[in-house]
Amino acid sequence: IEGEPVISTEATSESPVGSYAISITKGSITTDNVELVSGTLTIEPALLTITAENQQKTYGEDNPTLTYVCSGFVNNEGEGKLTTKPNLSTTANKESAAGTYPITVSGAVADNYTISYVNGTFIVEVKTTTNEGISIENDGENITLSKVNNDAIATDGGLTIPDNVTQIDNEAFSNITKEDVEYVDLSNTSVTGITVDRDNGLFNGFSDNTLIYLPSGNTANTGEPNVVIDGTCEKLVLSDDEGMEITTGFNASSVTYNRTLTAAKAGTICLPYSLTSDATVGYYQLSSSTAEALVFTEVGTTSANEPYLVVSKTAGASLSKTLSTAISSNKNLNAETGITGYKMVGTMKAINHANSIGKYILQDDNKWHKVTSESDAAAIIGAYHAYIENTTGGAARLAIVLEGNDSMTALKSIQTVDADGTERWYDLNGRRLESQPTQKGAYIVNGKKVVK
């Protein structure tokens, strides 16, 4: 064939999907008897790939927005060509345990494109928090705790378990210094099926003084102390040796505070529950002071976490009680009663000798003695006791004067009326006089200061 035909079509690189005619003419062909047959140009959809982008989050967080990327657009086109956006979904949600979940993508529509999909991966990571020197790893099913570093937990440390924990492994507390933990609070979790046994299981090795909070659906061994379940503690036991931080109040069916008082001797208390005076024990609150003495006024009922003077009316009176009573939180409290020149401060925890220096503590002679660096190392302040601070400086060895019930007008060391009615006089240092004084001065009689 001599010459070249002319071939053309209306289709271009931007023409949409479809069929287009291809025409042919003789062009420069000079040969006779040449048959020219037109053709068809078919434009097929381009391949577009939509990929779900991988996502991750920490257990307990809300899901991030799911996203996608597209590849395969031609002619400088972009997502604006999508007449229907893709649907993205995942089975992971806020409560999903740590693990890997799929992200599926589907449903997109774009003219002139055939769409394929690549699903993504959603990773829920273990949640790690730090509480009082403890690393808490929570995967939504189990919780594991370990020390953040090689240091022991602070002695005032406690553990509050995140409220979205639903299960806790028996080994969760295996890597911590348990005897230094003051409380473990699971009360806001939905953990169930625990039996508190400090010799076995989850709470094996914890001190009896560790307060354990649990929600309903859990139990404690019979006689197991200091376990609060659904707001009730069957057996609360307090000790002078080591105080207990009570972060949340609760009801106690039985309270034991092993402390016996010597008859007609004074002591101090600051307890997380109220007490009522009875035939064996009287309670007195600091109300005023003189140059020689601190004056305490009897109260019928004490208030929780307030400091008081307590006096035994009988030999061997005990502060141990078996009662159902409300226990108040003592966390971050400043338990003190102030008067001009002095304040009485309650203790939630025992105070060692070094930290007692400068404070006045009540001793067996019923006077307040200032603790110094030279004082006996046994001069400490027990938990649930109280001490005096002189806010203006000066006085030492202050005596005690009680005001209140006629049956307990004063301590034995400054007792003013014997059981047989014989009146006794004392000087302001608490020393008993042989008879009513004739020399002018200030004295104590009938629990009151008298000036002759």
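Keep in mind it's a predicted model, so treat the numbers as computed, not measured. (Residues numbered from 1 in each chain as written. Predicted model: local features only at pLDDT ≥ 70, side-chain atom pairs only at ≥ 80, totals over all residues. Heavy atoms only, no water.)

Peer 1: Whenever I open this one, the overall build of the chain confuses me. Can you help?
Peer 2: If you tally the helices and strands in the chain, you get one helix and 40 strands. The buried share among the 452 residues of the chain stands at 41%. Sequence-distant contacts in the chain: of pairs separated by 6 or more residues, those separated by 24 or more amount to 61%. In the form shown here, the chain has an accessible surface area of approximately 22500 Å², with 44% of it arising from carbon and sulfur atoms. (Helix = DSSP H or I, 4+ residues; strand = E, 2+ residues; numbered from the N terminus. Buried < 20%, exposed > 50% of the residue type's maximum accessible area, 1.4 Å probe, protein only. Contact = heavy atoms within 4.5 Å. Areas by Shrake-Rupley, 256 points an atom, 1.4 Å probe, with all protein chains shown as cover.)

Peer 1: Help me understand the nonpolar core in this model?
Peer 2: Side chains of a nonpolar character, in soluble globular proteins, are inclined to be buried together. Within the largest apolar cluster, 28 residues are counted, with the highest numbers of intra-cluster contacts made by L236 and F250. Listing elements by their share of this core, those giving two or more residues are β19 (211-214), β23 (236-238), β24 (250-252), β25 (255-257), β28 (281-289) and β30 (308-312). Once residues within four sequence positions are removed from consideration, L236 is found in contact with N226, M244, F250, A252, S254, V255, T256 and I327. Ranked by size, the runner-up nonpolar core spans 24 residues in total, among them I168, F173, V191 and I194. (Core = buried A, V, L, I, M, F, W, Y, C linked by side-chain atoms within 4.5 Å.)

Peer 1: It is not clear to me how the packing of aromatic side chains should be interpreted in this structure. Could you clarify?
Peer 2: The geometry of an aromatic ring pair comes down to the distance between the two centres and the angle between the two planes. Following the criterion strictly, the structure yields seven aromatic pairs and no others. With centroids separated by 5.3 Å and ring planes inclined at 80°, the aromatic side chains of F73 and Y113 adopt a geometry described as edge-to-face. Taken together, the positions of F73 in the loop between β6 (68-71) and β7 (82-84) and Y113 in strand β11 (residues 113-118) put the pair 40 residues apart, joining distant regions of the chain. Of the residues examined, Y113 reaches a relative accessible area of 8% and is grouped as buried. Judged by centre distance (5.7 Å) and plane angle (35°), the ring pair of F173 and F203 falls under tilted. With a gap of 30 residues between them, F173 in the loop between β16 (157-160) and β17 (181-185) and F203 in the loop between β18 (195-196) and β19 connect regions that are remote in the sequence. Exposure remark for F173: the relative accessible area of 0% places this residue in the buried category. Site record: aromatic cluster; members linked through ring pairs are F173, F203 and F206. Sitting over the face of the ring of Y387, K359 holds its NZ or CZ atom 5.3 Å from the ring centroid. (Phe/Tyr/Trp six-rings, centres within 6.5 Å; stacked < 30°, edge-to-face > 60°. Lys NZ or Arg CZ within 6 Å of the ring centre and 35° of its normal.)

Peer 1: Looking at this structure, I do not really get the pattern of salt bridges. What am I missing?
Peer 2: Opposite charge on two side chains permits them to pair, given that their charged atoms come into close proximity. On inspection of all chains with the given rule, the structure shows seven salt bridges. For the salt bridge of D62 with K94, the shortest nitrogen-to-oxygen distance reads 3.9 Å. Highlighted residues: D62 in the loop between β5 (55-58) and β6 and K94 in the loop between β8 (87-90) and β9 (99-106), separated in sequence by 32 residues. A residue is classified by how much of its surface remains accessible, and D62, at 57% relative accessible area, is exposed. A salt bridge links D208 to R198; the shortest N-O distance between them is 3.9 Å. With D208 in the loop between β18 and β19 and R198 in the loop between β18 and β19, this pair connects stretches of sequence that are ten residues apart. For D208, a relative accessible area of 44% puts it in the partly exposed group. Through salt bridges with shared partners, one network takes in R198, D208 and E224. (Salt bridge = Lys/Arg side-chain N within 4 Å of Asp/Glu carboxyl O.)

Peer 1: Would you take a moment to explain the side chain of E224 for this structure?
Peer 2: Among the secondary structure elements, E224 is positioned in the loop between β20 (219-220) and β21 (227-229). Its relative accessible area of 14% is what places E224 among the buried residues. At a separation of 2.7 Å, a polar atom in the side chain of E224 contacts the side chain of R198. Apart from the residues within four sequence positions on either side, E224 is in contact with V196, D197, R198, D208 and K235. (Polar contact = N/O pair within 3.5 Å; in protein donor to acceptor, adjacent residues only side chain to side chain.)

Peer 1: Sorry, what's going on with the pairing of strand β4 (residues 46-52) here?
Peer 2: Taken residue by residue, a regular strand's side chains alternate between the two faces of the sheet. Relative to β11, β4 is paired through six bridges, and the arrangement is parallel. From the neighbouring strand, T49 faces β11, where its bridge partner is S116. Judged from the four bridges that link them, β4 and β6 form a sheet pairing that is antiparallel. Following the sheet pairing, A52 is matched in β6 by Y68. (Pairing = 2+ DSSP bridges.)

Peer 1: Would you mind showing me how to read the sheet that holds β8 here?
Peer 2: Here four strands make up an open sheet; going across it, the order is β5-β12-β9-β8 and the pairing mixed. With one partner strand each, in any of the chains shown, β5 and β8 form the two edges of the open sheet. Between one strand axis and the next, the sheet turns through 20° on average, direction left out of account. In this sheet, β9 lies alongside β8 in antiparallel orientation, the contact comprising four bridges. Across the sheet, the residue bridging to L88 is V105, located in β9. (Axes fitted to C-alpha atoms, helices over the stretch in contact; angles between N-to-C directions.)

Peer 1: When you look at unusual backbone geometry in this model, what are you seeing that I'm missing?
Peer 2: What you tend to see is this: most non-glycine residues have negative phi, and most peptide bonds are trans. The backbone phi angle of N33 is positive, close to 55°, even though this residue is not glycine. Structurally, N33 is set in the loop between β2 (18-25) and β3 (39-43).

Peer 1: I'm lost on the pairing of β2 in this one. Help?
Peer 2: In terms of strand pairing, strand β1 (residues 6-9) meets β2 through four bridges, oriented antiparallel. When the sheet's bridge partners are listed, V6 is paired in β2 with T25. Where β2 meets β3, five bridges bridge the pair, whose relative direction is antiparallel. Along β3, the bridge assignment pairs S19 with T42.

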